[in-house]
Amino acid sequence: MSQIFHLAYVVEPRPDGWTVVSGHMEAGRFETRREALRSASRDASFCRSLGHDVSLHARRRDGGLRRIPIPPWDAVCDSSIGSSGSRGPV
């Protein structure tokens, strides 16, 4: 029997941009919310494809959290074909 990790990614605003928090640690700095969400969703999708329980949230202006659907890993791989750059710092 293998272990299943329960992972949570939260995209949060910072004074100098956006960050992704996972496990109480910041993972990367991004200029836009969209860049942070894209990076977090790719990482979350990959971890889910490994069989882990993963959730993705975005912090609202009022401090609440909004759950973001995680795309299937195949869709993430297909959408990254032809795009420039790397997966990002998450």
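Since the structure is predicted, the reported quantities are computational estimates derived from the model, not experimental observations.

Enquirer: Just to check I follow, could you spell out the overall build of the protein chain for this structure?
Expert: The secondary structure content of the protein chain amounts to two helices and five strands. The order of α-helices and β-strands along the protein chain, N terminus first, is β-β-β-α-β-β-α. Per-residue burial for the protein chain yields a buried fraction of 32% across its 90 residues. Long-range pairs, those at least 24 residues apart, make up 50% of the contacts in the protein chain between residues at least 6 apart in sequence. Accessible surface, the protein chain as shown: approximately 6,100 Å² in total, 53% of it carbon and sulfur.

Enquirer: Help me understand the pattern of salt bridges, please; the structure alone is not making it clear to me.
Expert: Pairing between side chains of opposite charge can happen when the charged atoms of each approach one another. This structure, assessed with the given rule, holds five salt bridges. Residue Glu12 pairs with Arg14 through a salt bridge whose shortest N-O separation is 3.4 Å. As a salt-bridge pair, Arg59 and Glu12 come within 2.9 Å of each other at their nearest N and O atoms. Here the residue Arg59 occupies a position in strand β4 (residues 53–59), and Glu12 occupies one in strand β1 (residues 6–14), the gap between them amounting to 47 residues.

Enquirer: Just to check I follow, could you spell out the nonpolar core for this structure?
Expert: It is characteristic of soluble globular proteins that their nonpolar side chains tend to be buried jointly. Membership of the largest hydrophobic core comes to 15 residues, with the highest contact counts inside it found for Tyr9, Val11, Val20, Ala36, Ala40, Val54 and Leu56. Where this core is concerned, the elements lending two or more residues are β1, β2 (17–22), α1 (33–49) and β4. Top element by residues in this core is α1. It accounts for five residues.

Enquirer: Can you walk me through the sheet that holds strand β5 (residues 65–67) in this structure?
Expert: Backbone hydrogen bonds hold the strands of a sheet together, and the pairing may be parallel or antiparallel. Sheet architecture is open: five strands sit in the order β3-β2-β1-β4-β5, paired in mixed fashion. Edge strands, defined here as strands with exactly one partner in the open sheet, are β3 (25–30) and β5. Neighbouring strand axes in the sheet, compared pairwise and without regard to direction, differ in orientation by 25° on average. Bridge count for β1 against β2 is six bridges, and the pairing is antiparallel. Across the sheet, residue Glu12 finds its bridge partner in β2, namely Thr19. Relative to β1, α1 is tilted by about 175°, and along the sheet it contacts β1, β2, β3, β4 and β5.

Enquirer: I would appreciate a short explanation of the side chain of His57 in the present structure.
Expert: Within the element layout of this structure, His57 appears in strand β4. Exposure remark for His57: the relative accessible area of 14% places this residue in the buried category. Apart from the residues lying within four places of it in its own chain, the contact partners of His57 are Tyr9, Val10, Val11, Leu65, Arg66, Arg67 and Ile68.

Enquirer: Looking at this structure, how should I read the side chain of Ser55?
Expert: Structurally, Ser55 can be placed in strand β4. For Ser55, the contacting residues outside a window of four places in its chain are Leu7, Ala8, Tyr9, Arg67 and Ile70.

The rules we used
Residues numbered from 1 in each chain as written. Predicted model: local features only at pLDDT ≥ 70, side-chain atom pairs only at ≥ 80, totals over all residues. Heavy atoms only, no water. Helix = DSSP H or I, 4+ residues; strand = E, 2+ residues; numbered from the N terminus. Buried < 20%, exposed > 50% of the residue type's maximum accessible area, 1.4 Å probe, protein only. Contact = heavy atoms within 4.5 Å. Areas by Shrake-Rupley, 256 points an atom, 1.4 Å probe, with all protein chains shown as cover. Salt bridge = Lys/Arg side-chain N within 4 Å of Asp/Glu carboxyl O. Core = buried A, V, L, I, M, F, W, Y, C linked by side-chain atoms within 4.5 Å. Pairing = 2+ DSSP bridges. Axes fitted to C-alpha atoms, helices over the stretch in contact; angles between N-to-C directions.

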